[in-house]
Every structure is written in C-alpha cells, then in structure tokens.
Amino acid sequence: MPSPIISGDPDFIDPGAVLELLVDGSLLGTSLPGDVKVGCDGLVYFSDVTFSNRPESYNEQGVRRAGAIWRYDPETAGISVFRAPSGMANGLAFDAECQLLAAEGADLGGRRVTRTNLEAGTAEIVAGLFEDNPFNAPNDLVIDALGHIYFTDTRYVGHEPIRQDGNAVYRIDVNGDIERLISELPRPNGIAVSPDQSVLYVSNLGGALNDSLWAYRLDEHGSVSSPRLVVDFGEESGADGFVVDAEGNLWVSVLNHTRPGIYAYTPDGVEKAYIEARSPYNTAFGRGAQSHLLYFTAGRHLYRIAVNKPGYHLPRME
C-alpha cells in the first residue's frame, strides 16, 4: 500500500509523521470500529458496532455477532474485550471520575446512554427514555466541566419503531433531567465541547441538509444559542466524529469520497492539517505525556499518529 498523504501546517503536524496501524480489524474480526477514547488508565477504548447491514458483522456460520467495546494497551500492544455485548455502543466518553459513558444505538442495541464504573465493573442507565418514549439511536456524546452530558440521537440503521418525532441533540443534567437542545439538524452525529466550555460543536451527516459542522454558543446552564456554520462540505460526505485539542482546534473524521481522512480545523473552519485515511469514523487524543498522540478509527482498523498539538481532556475530579 502506498504511504498515506500527510500534509499541513507544521505547527499542527510534521509532513514526515508516521502513521501506525495498531489494530487490524480484518484479523481481529471487528465490523465497524466506531468511537475511540483514551481512558484515565491510559488504555485506548474503541467500539465495534455490528450493524445488520454490514457483511463483516456475521461470522462464518452467518450468525450476527453482538457489538463490543475493545481496549488496546499502548504499552504492550495487547488487545482485549472490555464489554460484550455492548448494546451496540458507538460513542464513548470519560467523565471527571474516569467512568466510561457509552451511547448505545439501535439495530438490536440498547437505545440509551449508560455509565460504567471501571473499577467495580458495574453499569447504570443514565438515560433511556425521553417523554416516555425510547430514543431513536444514541450516536455520540460529550461531557462538559459542570457534568452536563450532551448526546446526538440519530437513526441510521435499525428495525425498531421510531417513537421520537425527529433526530436531535439532548442534554442530560446532573440531576438526571433530560432536555432536547437541538432539533433543526436532520442527522446530528459527532459532538464536542470547546476547552473553554463556551462552544458546543455538532456535525450533521446526511438528511435534507448539506453535510456540515456547526458551532453553538454554550452557556453555564448548558443551553445553546447562536448557531454558526463552521464547515460546509457541500455535496461531499462530511464529518463523523471529532475531538478538540487544548487550543480549541478540531480534529475531524471526514468521509469525503475524493479526499477522505482526518482534517484539523481552526474553530473558524480553516483547514490546517490533513491525514489521508479511508472511511474514517472517530478521533481521540492520548493523555499526559502521550497527549500529542492522535488515535483514530478508519475502515475496520485503529491507527495512531503523532501531531504537534496536545489534546484536550475533561479535568479529573480530585
């Protein structure tokens, strides 16, 4: 295979940076590696979503595999299953107490948001219904410094009846109350909060609107206002998942058919770096001394590359 194209502002990435294949999904048997996040333990957690419309989701006997959350150890290169079945978990996030939150989708998934205590191994349902009806298919999520959980709820695949009156972005408050925040995006997908907690970023992927990346002003109560278009992908496929670095730049998985890969954008949508990758799905930064390492899922695989910006993580609770 030819070397991938790596280009951009040297303040963001070195043109000679080496892309590492960490997990070959075709050997591991993964179907659709979705989100990826680095835990407080330094391990890399990534979701495997076994959608029914993907041949890779079925074993040699034609039986569909259940979804899983895997973890990769950067020190030993060891790979293990963290949780299976996962409830078709896609989006992952670690809160200030280092607990793992997961957005569980449809297609025989949980259609809920769960939180797992890694030390105890126990899980709880954070949100399962809105106005007494199940969600469409929670997709991705993020947590702000005050403990609000924001998640996108968009149905792409699944046979279950749709009970909500549209796809949306929701906020879960610390007391468990749930509010529908954004309903004007036809298919909200990726989501992130700026390091200064003043902006909520949401990507739209599909539906009756150009694929696009949006910024909303975020106040201390978790309310949004003043939507601003950051990137319009036009007729091309746009952004799936993304994260922010410590300076507020966005590292975005872009499903562009002619130039797919990981793009680094300023908060105003100016492209500053590009890493070629086919079918990219999500991104994550390492922690501590490894915060300049960018992990991402693409195709059926997990990759890593060194960049020149440190990643942002929610501060840990002391």
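Structure's up top.
Residues numbered from 1 in each chain as written. Predicted model: local features only at pLDDT ≥ 70, side-chain atom pairs only at ≥ 80, totals over all residues. Heavy atoms only, no water.

Visitor: What is the right way to read the state of the cysteines from this model?
Guide: Among covalent bonds in proteins, the disulfide is the one between the sulfur atoms of two cysteines. Evaluation of the coordinates by the stated rule reveals 1 disulfide. The disulfide partner of Cys40 is Cys98, and the gap between their sulfur atoms is 2.1 Å. Residues Cys40 and Cys98 are joined through a disulfide that is left-handed, its torsion about the S-S bond being -90°. Residue Cys40 is found in the loop between β3 (33–38) and β4 (44–48), and its partner Cys98 is found in the loop between β7 (89–94) and β8 (100–104); the two are separated by 58 residues along the sequence. Its relative accessible area of 22% is what places Cys40 among the partly exposed residues. A relative accessible area of 16% means that Cys98 is categorised as buried. (Disulfide = S-S within 2.5 Å. Helix = DSSP H or I, 4+ residues; strand = E, 2+ residues; numbered from the N terminus. Buried < 20%, exposed > 50% of the residue type's maximum accessible area, 1.4 Å probe, protein only.)

Visitor: Just checking my understanding: could you explain the pairing of strand β13 (residues 138–143) for this structure?
Guide: In summary, the side chains of a regular strand alternate between the two faces of the sheet. Taken across its 6 residues, β13 has 6 buried, putting it largely inside the fold. Linking β13 back to strand β14 (residues 149–153) in an antiparallel pair, the connection comprises 5 residues, with Gly147 at a positive phi of about 95°. (Pairing = 2+ DSSP bridges.)

Visitor: Help me out: how do you make sense of the sheet that holds strand β17 (residues 188–193) in this one?
Guide: Pairing between the strands of a sheet is mediated by backbone hydrogen bonds and can be parallel or antiparallel. The 4 strands lie next to each other as β17-β18-β19-β20, forming an open sheet whose pairing is antiparallel. Edge positions in the sheet fall to β17 and β20 (224–232), since each of these pairs with one other strand and no more. Strand-to-strand twist of the sheet, defined as the mean angle between neighbouring strand axes without regard to direction, takes the value 25°. Looking at chain direction, strand β18 (residues 199–204) and strand β19 (residues 212–218) are connected through 6 bridges and run antiparallel. In the strand pairing of β19, Val199 is matched with Arg217. (Axes fitted to C-alpha atoms, helices over the stretch in contact; angles between N-to-C directions.)

Visitor: Would you take a moment to explain the packing of aromatic side chains for this structure?
Guide: How two aromatic rings sit relative to each other is given by the distance of their centres and the angle of their planes. The tally for this structure, following the rule as stated, stands at 11 aromatic pairs. Their ring planes at 65° and their centres at 5.0 Å tell us that Phe130 and Tyr170 sit as a pair that is edge-to-face. With Phe130 in strand β11 (residues 129–130) and Tyr170 in strand β15 (residues 168–172), this pair connects stretches of sequence that are 40 residues apart. By relative accessible area, which is 0% here, Tyr170 ends up buried. Each member of the aromatic cluster is reached from another via a ring pair, and the members are Phe130, Phe135, Phe151 and Tyr170. Above the plane of the ring of Tyr274 lies Arg259, whose end atom (NZ or CZ) is 4.0 Å from the centre. (Phe/Tyr/Trp six-rings, centres within 6.5 Å; stacked < 30°, edge-to-face > 60°. Lys NZ or Arg CZ within 6 Å of the ring centre and 35° of its normal.)

Visitor: Would you mind going over the sheet that holds β15 with me for this structure?
Guide: Ordered by their spatial adjacency, 4 strands build an open sheet running β13-β14-β15-β16, and the pairing between neighbours is antiparallel. Only two strands of the sheet have a single partner each, and these edge strands are β13 and β16 (178–182). The mean inter-strand angle of the sheet, taken between neighbouring strand axes irrespective of direction, is 25°. The sheet contact formed by β15 and β16 spans 4 bridges and is antiparallel. If you follow Arg171 over to β16, its bridge partner there is Glu179.

Visitor: Is there a simple way to think about the side chain of Thr154 in this case?
Guide: As for its position among the elements, Thr154 is in the loop between β14 and β15. A polar side-chain atom of Thr154 sits 2.5 Å from the main-chain carbonyl oxygen of Pro188. Among residues more than four places away in sequence, those in contact with Thr154 are Ala137, Asn167, Arg187 and Pro188. (Polar contact = N/O pair within 3.5 Å; in protein donor to acceptor, adjacent residues only side chain to side chain. Contact = heavy atoms within 4.5 Å.)

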